[in-house]
Amino acid sequence: MKTAVAPTEKPKPSRAKKRIAIVDDHPLFRKGLEQLINSSEDGFRICGEAGDAAEGMATIRELKPDLVIVDLSLPGANGIELIKNIRAEFAKLPVLILSMHDESLYALRALRAGAQGYVMKQEALENVITAIREVLAGRPYLSSDMSAKLITNFASGTNQANPTDKLSDRELEILELIGKGRDVHEIAQALHISTKTVETHRAHIKEKLNLKNARQVTRFAVQWLEGQAA
């Protein structure tokens, strides 16, 4: 007499971990971000890191990650230039911006360049996992404050061209730092460029905004930042 054998349950297939690359020039920040992401319960894993745009593209080509986290301030080519290069070569690769720069100043530029989300570094511990989930699901991610601001501007019809739209991404970075009281040497150090390059960008800012001298550039930068914060 044969005894019935209880059917064995087939092991459930393990969900493949989503592989994420980080492009940021601060090793300590990358390490902290790696620990945070790898310890999440979502099955995310950091598969590679890079400290600048060129190294970032090489890492992406080699590792083929599922998502890339990019800082805006990188040595050489900045983060927005990197996004454009990623988008040209990897059209469907999701990109999440994680930056110290104010979201209200750069989020739209980043999205226009091809990013799918934006998180400020001071909010990273609180929001980055949520942002990764949203972007990997094919949904854009902005903070609730930024989303509300965009909706309000659109609904009220005040989403008009800004004089700073004439500036390049690097020029906008420099204008922001001028508005925060940084001098030429401090800006050069922060952006990993020469003081001569900073002065050249400042001259271009002056010309594009129809300002007469460096003092007017500084005044405009301060007033512009105050207006963005309002």
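Up top is the structure these notes are about.
Residues numbered from 1 in each chain as written. Predicted model: local features only at pLDDT ≥ 70, side-chain atom pairs only at ≥ 80, totals over all residues. Heavy atoms only, no water.

**Section: the pairing of strand β2 (residues 44-50)**
For step 1, the next point in the chain: Within β2, five of the seven residues are buried, leaving the element largely enclosed by the surrounding structure.
For step 2, the next point in the chain: Pairing of strand β1 (residues 18-23) with β2 involves six bridges; the strand directions are parallel. The partner of A21 across the bridge, within β2, is G48. (Buried < 20%, exposed > 50% of the residue type's maximum accessible area, 1.4 Å probe, protein only. Helix = DSSP H or I, 4+ residues; strand = E, 2+ residues; numbered from the N terminus. Pairing = 2+ DSSP bridges.)

**Quick word on empty space enclosed by the protein**
For step 1, the next point in the chain: Using the criterion set out here, one finds one cavity of 30 Å³ or more in the structure.
For step 2, the next point in the chain: In this structure, the largest cavity occupies an estimated 30 Å³ of space.
For step 3, the next point in the chain: Considering the residues around the largest cavity, the lining is formed by L72, N78, I80, Y106, D169 and E173.
For step 4, the next point in the chain: Across the lining of the largest cavity, the residue classes tally to three nonpolar, one polar and two charged. (1 Å grid on protein atoms, 1.4 Å probe; cavity = no way out; pocket = protein on both sides within 12 Å on 5 of 7 lines; lining within 4 Å. Points joined across faces, edges and corners; volume = space filled by probe spheres on them. Nonpolar A, V, L, I, M, F, W, Y, C, P; charged D, E, K, R; others polar.)

**Brief notes about the pattern of salt bridges**
For step 1, the next point in the chain: One pass over the structure, following the stated rule, counts twelve salt bridges.
For step 2, the next point in the chain: Put simply, D24 and K121 hold a salt bridge, and the shortest N to O gap is 2.8 Å. Within this pair, whereas D24 is found in the loop between β1 and α1 (27-38), its partner K121 is found in the loop between β5 (117-120) and α5 (124-136), the two being separated by 97 residues in sequence. In this structure, D24 and K121 share a single accessibility class: buried.
For step 3, the next point in the chain: Among the ionic pairs, K208 bridges to E171, the shortest N-O distance being 2.8 Å. Here K208, found in helix α9 (residues 195-208), pairs with E171, found in helix α7 (residues 169-179); they are 37 residues apart in sequence, far enough to count as distant. (Salt bridge = Lys/Arg side-chain N within 4 Å of Asp/Glu carboxyl O.)

**Describing the pairing of strand β4 (residues 95-99)**
For step 1, the next point in the chain: Of all five residues in β4, five are buried; the element is thus mostly enclosed.
For step 2, the next point in the chain: Of the two faces of β4, the one carrying V95, I97 and S99 and the one carrying L96 and L98 are both buried.
For step 3, the next point in the chain: By the bridge criterion, three bridges tie strand β3 (residues 67-70) to β4 in an arrangement that is parallel. Directly across from I69, in β4, lies its bridge partner L96.
For step 4, the next point in the chain: At this point the chain moves from β3, through helix α3 (residues 79-89), to the parallel β4, and the crossover so formed is right-handed.
For step 5, the next point in the chain: Across four bridges, the pairing between β4 and β5 is parallel. Paired with L98 across the two strands is V119, which belongs to β5.
For step 6, the next point in the chain: The β-α-β motif built from β4, the intervening helix α4 (residues 103-113) and the parallel element β5 has right-handed crossover chirality. (Right-handed = clockwise from strand over helix to strand, strands pointing away.)

**Let's talk about helix α8 (residues 184-191)**
For step 1, the next point in the chain: Among all positions in α8, only V184, I187, A188 and L191 are buried. End-on view of α8: buried residues confined to an arc of 100 degrees, all on one side of the axis. Of the exposed residues in α8, the ones pointing more than 90 degrees away from its buried face are H185 and Q189.
For step 2, the next point in the chain: Against the buried residues of α8 lie α7 and α9.
For step 3, the next point in the chain: Residue D183 occupies the N-cap position of α8, its side-chain oxygen lying 3.1 Å from the main-chain nitrogen of H185.
For step 4, the next point in the chain: Where α8 terminates, the next one or two residues include H192, which has phi positive at roughly 60 degrees. (Arc of directions from axis to C-beta. Contact = heavy atoms within 4.5 Å. Polar contact = N/O pair within 3.5 Å; in protein donor to acceptor, adjacent residues only side chain to side chain.)

**Details of helix α2 (residues 53-63)**
For step 1, the next point in the chain: For α2, the full list of buried residues reads A53, G56, M57, T59 and I60. Viewed end-on, α2 has its buried residues packed into an arc of 160 degrees, placing them on one side of the element. Exposed positions of α2 whose direction lies more than 90 degrees from the buried face are A54 and E62.
For step 2, the next point in the chain: Buried residues belonging to α2 abut β1, β2, β3 and α3.
For step 3, the next point in the chain: After α2 finishes, the residue K64 shows a positive phi value of roughly 50 degrees.

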